[in-house]
Amino acid sequence: MPDDDHDVERPPDTDEPARSPSERGSGTADERSFPPDAAGSVPATDPVAADGEIAPGMPTADAAVASQLPEHADPLNPPQSSRTPPDDRHLEQFRSTFGWLRTALKRREPRFESYQRVLNQARMATTYDAYLATVIRRGVFAALCGAVLGVVLGTVLWAVAGGAALTPVLFAPVFALVAGAGAVGIGYYRPVWRARERTARIERELPHGIAYLYALSHGGLDVVAAMQALADSEEEYGELAREFDVAVREMQYLGADPLGAIRSLRNRTASPLLTDFLDDLASSLDSGGDVTAMLAGQADDQFERAKREQSAFLEQVSLYAELYVGILVVGPIFAIIVLTMISITGSGALIPLGVLIYLFVPVSTIIFLSVLRDLTAGFEATARTPDAERPDPVPAGVEDDPRTEGYRAQRTESSLERIVSAPVDWLLQRPERSLALTGPVALVFIGVVVLAGAVDPTIDGLVTAPLRTTLLLGVLPFLAVAVPLGALHEIRIARIEAIVDRFPDTLSQLASANEQGLTIVEGFDIVARRTGGPLGEELRRTANDMHWGLGTDEAFERLHRRVPTESVARTLALLSDASRYSSNLHRVIDVAARDADSARALELDRRSEMRTYVAIVVISFGLYLLMIIVLESFFLQQVADIPVLDESLPGAGRGQLIDAPDQGVFQAVLFHAALIQGVCAGLVAGELGEDSWRSGIKYSLALVLVTVLAFVYVTQVAGVGDVIDDTVVDNGAQLLGVTAQ
């Protein structure tokens, strides 16, 4: 089986998409979408160079076939027509080079032209025939594995059923068909899903990318240089920067003019919105219009579009919140009540009840969180990789100096000293680091409790004392791990929020200072002295870095590592580029301030709307907990006291419908159901309200504590067994269809 999905005529170190034979035929430099490789030669995916020679990077097998073909022939682009499959004269040569399967696919090229375009949009560096051949081979392999699994499983079932079940042979084709079809289907639609994902990422960054181009153009930079700067900002603008990077390389390496490169990108991009923007940009350039004014209008239009998309997003989140309440709150509690009633009658429903509580609810919650994560990915404010890797402190050109290793060691020791001297700051950079400390502490606590004999870790111990066992072995270790993690995350987020709230105003002050003739370093110094709070502290550190000779790029990079938000990253990248390219820096900063202010306003409006869904999740859990307590403390305890006289009913031999051990099992299972639901509901509330499951840890902690207090109070303090009188017992006996004394 080939690695990944590449069985291609392209070096693995490029991320450019392949082109179909029809696309790679003849064409001008403006129509060619691939830059040269590092050596400046034509890329290996274009087997015929501009002068008609076989490209140096062409695979050996392809070159062998080319040597046997007529002088004008191209093995991937036969001479008769760019859309005509290989004719019978060269059919055997194609089969010997590419194999029967790929040759058959190549002969049907017009049918797969749109699929090749999808592969290009997904940036999968392969041709359609190579990719589909790989998918088919994997499907055959999956079908064989499914057939073997079907035979094995059928044999086991046949043996267990004593020959009464279906013969093992009948399982093989079913499993083979399902496995093979599944593998082929997933492989076939994988480029489609990847292209859609790239489209979403491009359109997510498009408003900020247009604002970036407008800011640089407003500062006096021409559109080609602005596109180059955007292409170089891949860390901040992601897939959008990669799209523009292709156009920039066409201009740099293939000699394309800006208008031709823009039109080529327009025909190749996966995003309809980017296509519309490139149409307007190309029209403005072609007609000699005011590009800056066009970009300003596009920036305003994109902001209005972002507001409309946010409204649609909130409606979609409302639907997901309702689905969560219906499927993962109301559904489980209804199933728990039904399965508990069935278990009382002796039907043995404890296993389905355990599967529901310990498997279905957590797994379904994880899936739901993943779906929400994908849904809110375009609206989150905090970068997912807040602590970027630090660059090598040794400058280039001095690696051979004998003092280099000592300098690196000294820097490493300094880093360790900083961690020891300021461990809280180190933990605040990544709150997950606290797990390395609290995890072992929780395990040690469990070991000490068990060794001291304070709790019995066996099933019998759990049934005998469900509350005590669960508290000591489950709840307290969970609190030991979750409390530090949640606290560190909240402190970090509160600090970032305080910075982001004042960031637009600070940019406006910096623009005013620069307009008065101050440099960006002097402006940072003045604004830092006038700004208080966490933002002022960070600005003073940045100003100190600049005063001590650190470059602007490195100083901004350090600030970004300390304040890891996407808005700050975009603004700092814009300031860094504008300080190199533009003399009208205040104009650039002013545009950046307006963009940051607009993004912040959208975020605050969205969070205000989504707090409603947090309340819905919390209230639904309250109802869930109430039903669990009623079921465990009122219903089960009273049913346990109902005498059984009918010999045909369960419990007749012991005089009660439920004995003490069974009551302990139910109490433990229902207590665990409430705790698990509390943790899951809290995480969902955090993802809904604050775009992060980590922000839901505080909700999970609160719901777990409420659950523990409610169970302890109801079962141990209130003495609910004395509250309900004999009338209720008689009514319960009648409901169960038994005769009570």
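Procedures and definitions
- Residues numbered from 1 in each chain as written.
- Predicted model: local features only at pLDDT ≥ 70, side-chain atom pairs only at ≥ 80, totals over all residues.
- Heavy atoms only, no water.
- Helix = DSSP H or I, 4+ residues; strand = E, 2+ residues; numbered from the N terminus.
- Buried < 20%, exposed > 50% of the residue type's maximum accessible area, 1.4 Å probe, protein only.
- Contact = heavy atoms within 4.5 Å.
- Areas by Shrake-Rupley, 256 points an atom, 1.4 Å probe, with all protein chains shown as cover.
- Salt bridge = Lys/Arg side-chain N within 4 Å of Asp/Glu carboxyl O.
- Polar contact = N/O pair within 3.5 Å; in protein donor to acceptor, adjacent residues only side chain to side chain.

*Asks:* Which parts of the structure should I look at to understand the overall build of the chain?
*Replies:* Looking only at helices and strands, the chain has 24 helices and zero strands in total. Counting only residues that meet the buried cut, the chain has 47% of its 741 residues in that class. Relative to all contacts within the chain whose residues are 6 or more apart in sequence, the contacts with residues 24 or more apart total 67%. For the chain, the accessible area works out to roughly 35,600 Å², and carbon and sulfur atoms hold 60% of it.

*Asks:* Got a minute to help me understand unusual backbone geometry in this structure?
*Replies:* Excluding glycine, residues mostly carry a negative phi; peptide bonds, for their part, are mostly trans. Unusually for a residue other than glycine, R123 sits at a positive phi of about 55 degrees. At D691, a position not held by glycine, the phi torsion is positive, near 65 degrees. Counting through the fold element by element, D691 comes out in the loop between α22 (660–690) and α23 (697–717).

*Asks:* When you look at the pattern of salt bridges in this model, what are you seeing that I'm missing?
*Replies:* Two side chains that carry opposite charge are able to pair once their charged atoms sit near each other. Taken as a whole and judged by the stated rule, the model has 34 salt bridges. Here E309 and R305 are joined by a salt bridge, their closest N and O atoms 2.3 Å apart. Of this pair, E309 and R305 both sit in helix α10 (residues 291–344), four residues apart, which is roughly one turn of the helix. Classification of E309 by relative accessible area gives partly exposed; the value is 36%. R694 is the partner of E432 in a salt bridge, and the nearest nitrogen-oxygen pair spans 2.4 Å. Here R694 lies in the loop between α22 and α23 and E432 lies in the loop between α13 (423–429) and α14 (435–451), a separation of 262 residues in the sequence. Residues participating in the shared-partner salt-bridge network are R123, E197, R198, R201, E234, E239, R242 and E243.

*Asks:* Hey, could you run me through the environment of A241 in this one?
*Replies:* In this fold, A241 is placed in helix α7 (residues 234–253). Residues within four places of A241 in sequence aside, it is in contact with L230, A231, S233 and E234.

*Asks:* Would you explain the side chain of D129 in this entry?
*Replies:* Its location among the elements puts D129 in helix α4 (residues 128–160). A relative accessible area of 0% means that D129 is categorised as buried. Among the polar contacts listed, one links the side chain of D129 to the side chain of R102, at a separation of 2.8 Å. Polar side-chain contacts of D129 include one of 3.3 Å to the side chain of K106. Contacts of D129, omitting those with residues within four sequence positions, involve R102, L105 and K106.

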